[in-house]
2 protein chains.
Amino acid sequence: MIAAKTHPPQGTSVPTQTPLDPIDRTILATLQDEGRITNVELAGRVGLTAPPCLRRVRTLEESGIIRGYHAELDPAALGFGITVFAMVSLKSQAEADLLAFEEHVTALPEVRECHMLNGEIDFVLKIVAHDLQAFQLFLTSKLTPAPNVGSVKTSLTIRTAKQVPGVPVDLG
Amino acid sequence: MIAAKTHPPQGTSVPTQTPLDPIDRTILATLQDEGRITNVELAGRVGLTAPPCLRRVRTLEESGIIRGYHAELDPAALGFGITVFAMVSLKSQAEADLLAFEEHVTALPEVRECHMLNGEIDFVLKIVAHDLQAFQLFLTSKLTPAPNVGSVKTSLTIRTAKQVPGVPVDLG
DNA sequence: GGTGAAAGTTTTTCTCT
DNA sequence: AGAGAAAAACTTTCACC
């Protein structure tokens, strides 16, 4: 017989992630905006010296709050002139069918985002392509034949007024 | 009277941006994936020594192909549990009205993306919020009262199967 | 356009508070 | 937890091919 714990652990079972203090938030906001800033520059801005600043950054990375760093590229300069949103409805919403669709589209490099939504539309996809012809080919040969697809409605992006990575750290 | 040009400039008026060679593409793909990699590591991967690699990166930055670097943060860890897509149609599609709407929503920190689309839906917005209550408040007090709004249909993101920043550099 | 070495910073560790 | 000093690594410039 396994003895029951007489003293439940204090707090939750999840490691007590120290709630982010204002310095951590400033670090996150700064790195989200300028991902390649040097640690000494970052330390100066948040009012620390380099070593403790670096320790905080490493902690934030290891805890998964910072997932990674990415260069933001100009799609047009790489020949990707077309961005399309596709609203997809499936024939079946059984979990296995949802997963099968997700696995299919996740493997397609043209699909940059795939979000499952509530309501009549099951998924919204953000798709990039070199030109309209390449997109049409992608649509008919890759997306529409995906398992369990009911309907696909696509809308071309005419222009992008705002595209900010991440979340507003400043908001409480 | 202004003399007409007798010899039109060779090629286009845009500065002849050297088409990206395979090394540049590898640099871009690498930095898009690992934005904080050191230059020596990057140089090693693309088969160069550090100095020419750094020169290429600087050229790519100055030409605008690399727009910037950003840390990718975990929205949930910052308390942003809610991501919503809003499909907005305006009452008027005159350019001045489109711009007025864009200016309004661009200033809202909860709006992370705003794309103008063709078809019945004029704009798709990606919105983040701390919780449903905060989102409802945002919707009724910030988005719906935006100038010229006809209809707003919102869909909650249930889960995100794929979210890759940028474009597939590897694709021709 | 690339290489190799040298100079200047930055990162990172260590010790102390 | 943060500060200051020291060692290691990286960035950046320069002369050369």
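All residue numbers here refer to positions counted from 1 along the written sequence of the relevant chain. All chains are assigned letters beginning at A, and all ligands numbers beginning at 1, according to the order in which they are written. Under the rules for a predicted model, residues below a pLDDT of 70 receive no local features and side-chain atom pairs below 80 are neither given nor counted, while totals for whole chains, interfaces and linings still include all residues. Side-chain metrics in this entry use all non-hydrogen atoms of the structure; hydrogen atoms and water are not considered.

A.B. asks: Help me get a handle on the pattern of salt bridges, residues and values and all.
C.D. replies: A carboxyl oxygen of Asp or Glu within 4 Å of a side-chain nitrogen of Lys or Arg is what we treat as a salt bridge. For the structure shown, the criterion picks out 22 salt bridges over all chains. A salt bridge links B:Lys142 to B:Glu110, with the shortest nitrogen-to-oxygen separation between them at 4.0 Å. Of this pair, B:Lys142 sits in helix α5 (residues 132–143) while B:Glu110 sits in the loop between α4 (95–106) and β3 (111–117); the two residues are 32 residues apart in sequence, bridging distant segments of the chain. In this structure, a network of salt bridges that share partners links the residues A:Glu113, A:Lys126, B:Glu113 and B:Lys126. Only DSSP runs of H or I covering at least 4 residues are called helices, and only runs of E covering at least 2 are called strands; the numbering of each starts at the N terminus.

A.B. asks: I'd like a description of the protein's contact with DNA strand D, backed by residues and values.
C.D. replies: We call a residue near a molecule or strand whenever a single non-hydrogen atom of that residue lies within 4 Å of it. As a matter of local geometry, DNA strand D sits amid 13 residues, with A:Thr49, A:Arg55, A:Arg56, B:Asn39 and B:Arg58 nearest to it. Of all DNA strand D atoms lying within 4 Å of any protein atom, the proportion belonging to sugar or phosphate reaches 67%. Side-chain polar atom of A:Arg55 to a base nitrogen of DNA strand D: 2.7 Å apart, as the coordinates give it. Of all the elements in the fold, those that place two or more residues in the surface near DNA strand D are α3 (50–62) of chain A together with α2 (39–46) and α3 (50–62) of chain B. Under the scheme applied here, ten amino acids are nonpolar (Ala, Val, Leu, Ile, Met, Phe, Trp, Tyr, Cys and Pro), four are charged (Asp, Glu, Lys and Arg), and all others, including Gly, are polar. The residue makeup of the surface near DNA strand D, split by class, is 7 nonpolar, 3 polar and 3 charged. Any N or O atom pair separated by 3.5 Å or less is treated as a polar contact, with the protein-specific requirement of one donor-capable and one acceptor-capable atom, and with residues adjacent in sequence counted only for side-chain atom pairs.

A.B. asks: Describe in detail α3(A), supporting the description with residues and values.
C.D. replies: Residue and element names in this part refer to chain A. Taking 1.5 Å of rise per residue, 13 residues should cover 18 Å, and α3 covers 18 Å from first to last C-alpha, within 8% of that figure. Only protein chains enter the area calculation, which uses a 1.4 Å probe; residues under 20% of their type maximum are buried, those over 50% are exposed, and those in between are partly exposed. Restricting attention to buried positions, one finds in α3 the residues Cys-53, Val-57 and Leu-60. Angular distribution of buried residues about the axis of α3 spans 60 degrees; they occupy a single face of the element. Of the residues in α3, the exposed ones pointing more than 90 degrees away from the buried face are Pro-51, Arg-55, Thr-59 and Glu-62. By the convention used here, residues are in contact when the closest approach between their heavy atoms is within 4.5 Å. Against the buried residues of α3 lie α1 (22–33), α2 (39–46) and β1 (66–73). Gly-64 occupies a position one or two residues after α3 and carries a positive phi of about 90 degrees. In this scheme, a helix's expected span is set at 1.5 Å multiplied by one less than its residue total. To be clear, the arc concerns the directions from the helix axis to the C-beta atoms.

A.B. asks: Lay out the relation of the copies chain B and chain A with the relevant residues and their values.
C.D. replies: In the superposition of chain B on chain A (RMSD 0.1 Å, axial shift 0.0 Å), the rotation amounts to 180 degrees. What the rotation and shift describe, once combined, is the action of a two-fold rotation axis. To superpose the copies, least squares is applied to the C-alpha atoms of every residue with a pLDDT of at least 70 in both.

A.B. asks: Outline the protein's contact with DNA strand C, supporting the account with residue identities and numerical values.
C.D. replies: By nearness alone, 13 residues border DNA strand C, and A:Asn39, A:Arg58, B:Thr49, B:Arg55 and B:Arg56 come closest of all. Here, DNA strand C places atoms within 4 Å of the protein, and 59% of those atoms are sugar or phosphate. Contact between DNA strand C and B:Thr49: a phosphate oxygen at 3.0 Å from a side-chain N or O atom of the residue. The separation between a base nitrogen of DNA strand C and a polar side-chain atom of B:Arg55 is 2.9 Å.

A.B. asks: Mind laying out the interface of chain B and chain A, listing which residues take part and the relevant values?
C.D. replies: On the chain A side, the residues contacting the 67 residues of chain B number 67 residues. Applying the counting rule to chain B against chain A returns 9 salt bridges. A salt bridge links B:Glu102 to A:Arg159; the shortest N-O distance between them is 2.9 Å. Listed by contribution, the elements that provide at least two residues to the side of chain B that touches chain A are α1 (22–33), β1 (66–73), β2 (82–90), α4, β3, β4 (123–129) and β5 (149–163) of chain B. Element by element, the count of residues in the side of chain B that touches chain A is highest for β5(B), at 9 residues. Split by residue class, the side of chain B that touches chain A holds 36 nonpolar, 16 polar and 15 charged. Two elements, strand β5 (residues 149–163) of chain A and β3(B), share 5 bridges in a ladder whose sense is antiparallel. The rule for pairing is simple: two strands pair if DSSP sees at least two bridges between them.

A.B. asks: An account of the environment of B:Leu28 is needed here, citing residue identities and associated values.
C.D. replies: With respect to the secondary-structure elements, B:Leu28 resides in helix α1. Other than its neighbours up to four places away in sequence, B:Leu28 contacts A:Leu73, A:Leu78, B:Leu20, B:Leu60, B:Ile65, B:Ile66 and B:Val169.

A.B. asks: Describe unusual backbone geometry, listing the residues and the values that go with them.
C.D. replies: Excluding glycine, a negative phi dihedral is what most residues carry, and trans is how most peptide bonds are arranged. Although it is not a glycine, A:Asn148 adopts a positive phi angle of roughly 75 degrees. Summarising the element assignment, A:Asn148 is placed in the loop between α5 (132–143) and β5.

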